[in-house]
Amino acid sequence: MIHTLVTVEALLLVAASPGLAGLLLLGPAPANLPLAAVCLLPLGPATAAALYALDHRDRDLTDLHPARSYWRGWRLNAVPALKLWTPLLAWLTVIAFTLTHFTVTGLPGWWAVLLAAIGVGSLLWGGHALVLTALFAFRARDTARLAGYFLFRHGRATLGAASLLVLTAAGTAVLTEALPALLAAPLLLSLLHSSRPVIAETQEDFTA
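Here's what I pulled together on the structure shown here. Source: prediction; values computed, not measured. (Residues numbered from 1 in each chain as written. Predicted model: local features only at pLDDT ≥ 70, side-chain atom pairs only at ≥ 80, totals over all residues. Heavy atoms only, no water.)

Here we come to the overall build of the chain. Looking only at helices and strands, one finds 10 helices and 0 strands in the chain. What you see in the chain, going N to C, is helices and strands ordered as α-α-α-α-α-α-α-α-α-α. Relative to the compact-globule value of 17 Å for 208 residues, the chain shows a C-alpha radius of gyration of 17 Å, a close match. Put simply, 75% of the contacts in the chain that link residues at least 6 apart link residues at least 24 apart. A total accessible area of about 11,400 Å² is found for the chain, and carbon and sulfur atoms account for 70% of it. (Helix = DSSP H or I, 4+ residues; strand = E, 2+ residues; numbered from the N terminus. Rg over C-alpha atoms; globule rule 2.2 N^0.38 Å. Contact = heavy atoms within 4.5 Å. Areas by Shrake-Rupley, 256 points an atom, 1.4 Å probe, with all protein chains shown as cover.)

With respect to the helices and strands, E9 occurs in helix α1 (residues 2–25). With no salt bridge to any partner, buried E9 finds its closest opposite charge in R57, at an N-O distance of 14 Å. Contact partners of E9, with chain neighbours within four places excluded, come to A181, L182, L183, A184, A185 and P186. (Buried < 20%, exposed > 50% of the residue type's maximum accessible area, 1.4 Å probe, protein only. Lys, Arg positive; Asp, Glu negative; His and termini not counted. Salt bridge = Lys/Arg side-chain N within 4 Å of Asp/Glu carboxyl O.)

Look at α1: 32 Å from first C-alpha to last across 24 residues, which is about the 34 Å you get at 1.5 Å a residue. The largest bend in α1 comes to about 70 degrees, at S17, with the proline P18 one to four residues further on. Contacts from the buried residues of α1 go to α2 (33–39), α3 (43–55), α4 (66–100), α8 (179–182) and α9 (184–194). (Expected span 1.5 Å × (residues − 1). Bend = angle between axes of the 7 residues up to and from the residue.)

Residues W91, V94, L107, W110, W111, L114 and I118 make up a contiguous nonpolar surface patch of about 650 Å² in total accessible area. Counting residues per element, the ones that place at least two in the nonpolar patch are α4 and α5 (109–135). The element contributing the most residues to the nonpolar patch is α5, with 4 residues. (Patch = residues over 30% accessible without salt bridge, like charges linked within 9 Å, V, L, I, M, F, W, Y side chains within 5 Å.)

Before going further, it helps to spend a moment on the nonpolar core. Core analysis: the biggest nonpolar cluster contains 44 residues, and L51 and Y70 have the highest contact counts within it. Breaking this core down by element, the ones donating at least two residues are α1, α3, α4, α5, α6 (140–153), α7 (155–174), α9 and α10 (196–205). Top contributing element to this core by residue count: α5, with 8 residues. Look past the residues within four positions of Y70 in its chain and what remains in contact with it is V8, L11, L12, A15, A46, A49, A50 and A53. (Core = buried A, V, L, I, M, F, W, Y, C linked by side-chain atoms within 4.5 Å.)

The subject of this paragraph is the packing of aromatic side chains. This structure, assessed with the given rule, holds 6 aromatic pairs. A connected cluster of aromatic rings, assembled from ring pairs, spans Y149, F150 and F206. (Phe/Tyr/Trp six-rings, centres within 6.5 Å; stacked < 30°, edge-to-face > 60°.)

Looking at the secondary structure, you find A16 in helix α1. Judged by relative accessible area, which is 2%, A16 ranks as buried. For the pair formed by A16 and A117, sequence separation is 101 residues and the distance between their alpha carbons is 27 Å. Ignoring any residue separated from it by four or fewer positions in sequence, one finds A16 in contact with P42, L43 and A46.

Using the criterion set out here, one finds 4 salt bridges in the structure. Here R196 and D55 are joined by a salt bridge, their closest N and O atoms 3.1 Å apart. Note that R196 is positioned in helix α10 and D55 in helix α3, a separation of 141 residues in sequence. The shortest N-O distance in the salt bridge between D142 and R145 comes to 3.9 Å. One end of the pair is D142 and the other is R145, both in helix α6 and 3 residues apart, which spans about a single turn. Look at R145 and you get exposed, because its relative accessible area is 58%. Salt bridges here are not isolated pairs; linked through shared partners, they connect R139, D142 and R145.

Relative to the assigned elements, T168 resides in helix α7. What makes T168 buried here is its relative accessible area of 18%. Side-chain polar atoms of T168 contact the backbone oxygen of L164, separated by 2.8 Å. Among residues more than four places away in sequence, those in contact with T168 are P180 and L187. (Polar contact = N/O pair within 3.5 Å; in protein donor to acceptor, adjacent residues only side chain to side chain.)

The values reported here are purely geometric and, on their own, carry no functional implication.
Next up, the structure:
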């Protein structure tokens, strides 16, 4: 398990490195949010590949090839992941840009709370969508619908993803902004574990 986690972590960082390098060059100004979203584009396929590799890990200690599984997952899921990851990033960028310029919108304060809640819900939807993309070969629109369906159908799985989101945000605020990248593989393994009911129902009811 440790070998798999370390390998998948390293490969995820390699696959996402072009965008992560760009993020390091950007300042924290709200005006850079669209550029930050562009830099985060490689993270979608990299994450889907990591989920694929972690789900297909071999328990046989004499036959461990997580790197092979990772790159196979990347080849299979890069385009499907981008079809969902790109609009999600665009939508989250609009929300973040609105919240950072909220004082000039003239909207009542409860709109900010509503937008923040929509943003969190979108992230949770994205978590389900990436898991489904990594493990199943559905059309993008079908994956999007299933992710929305499971968002409420399996509340425990959604709460599990929400707890990981809170833990990551708290650790980033208290410790370092690099924490999500450094602990990506264990966090994704936890996401897979909490998504088991979603995966099981998808296999049983939505696959031939």
